Amino acid sequence: MLMEALGSALLGLALSGAAVRVLAQRLPSRRVVLVSGVLGALFGAYLTQYALGPGHNTLTATFVGAVLVAAVVLSLLLRPGAGPRRSSRPAPFSLPSRG
């Protein structure tokens, strides 16, 4: 159990560190991202252990679940990129809607 928790925390830290390096401009502060990645991975490991139940103690499945949940948590922190903005003007020859 300790090995799974430690390994999951390290995987979450590695995933969040990679996200900070690649997507630094679209994420909040570095500390928030690193803590969210580690906590997401720990929760993912716990959730995977709970879903598999007793007797199915596979380290690989636990690590996969930890990485998947950590990736979901980190994706929730992303802000929209600074790409081209669409104007709020209606398209030409469009009919007004009644909604």
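Quick note: structure is the one above.
These lines cover the structure that appears in this document, whether it is placed above or below. (Residues numbered from 1 in each chain as written. Predicted model: local features only at pLDDT ≥ 70, side-chain atom pairs only at ≥ 80, totals over all residues. Heavy atoms only, no water.)

A few points about the overall build of the protein chain
Looking only at helices and strands, the protein chain has three helices and zero strands in total. Helices and strands appear in the protein chain in the N-to-C order α-α-α. Looking at the 99 residues of the protein chain, the share that counts as buried comes to 24%. Across the protein chain, contacts joining residues at least 24 apart in sequence account for 70% of those joining residues at least 6 apart. (Helix = DSSP H or I, 4+ residues; strand = E, 2+ residues; numbered from the N terminus. Buried < 20%, exposed > 50% of the residue type's maximum accessible area, 1.4 Å probe, protein only. Contact = heavy atoms within 4.5 Å.)

Quick look at the side chain of Ser8
Locating Ser8 in the fold gives a position in helix α1 (residues 2–22). Not counting residues up to four positions away in its chain, the partners in contact with Ser8 are Ala41, Ala45, Thr62, Phe63 and Ala66.

A look at the side chain of Thr48
Take Thr48: it is sitting in helix α2 (residues 30–52). With relative accessibility at 14%, the residue Thr48 sits in the buried group. Reaching out from Thr48, the side chain makes a polar contact with the backbone oxygen of Gly44 at a distance of 2.7 Å. Once residues lying within four places of it in the same chain are set aside, the contact partners of Thr48 are Ala61, Thr62, Gly65 and Ala66. (Polar contact = N/O pair within 3.5 Å; in protein donor to acceptor, adjacent residues only side chain to side chain.)

Section: the environment of Ala9
For Ala9, the position within the fold is in helix α1. Looking at Ala9, the relative accessible area reads 18%, which means it is buried. Along the primary structure Ala9 and Phe43 are separated by 34 residues, whereas in three dimensions their C-alpha atoms are 9.6 Å apart. Look past the residues within four positions of Ala9 in its chain and what remains in contact with it is Val38 and Leu42.

A short note on the packing of aromatic side chains
Under the definition given, this model contains one aromatic pair. Plain terms: the ring middles of Tyr46 and Tyr50 are 6.5 Å apart, the flat faces sit at 25° to each other, and that makes the pair stacked. A residue pair is termed a helical-turn pair when its members lie 3 or 4 positions apart in one helix, as Tyr46 and Tyr50 do in helix α2 at four residues. Across this residue pair, the class does not change: Tyr46 and Tyr50 are exposed. (Phe/Tyr/Trp six-rings, centres within 6.5 Å; stacked < 30°, edge-to-face > 60°.)

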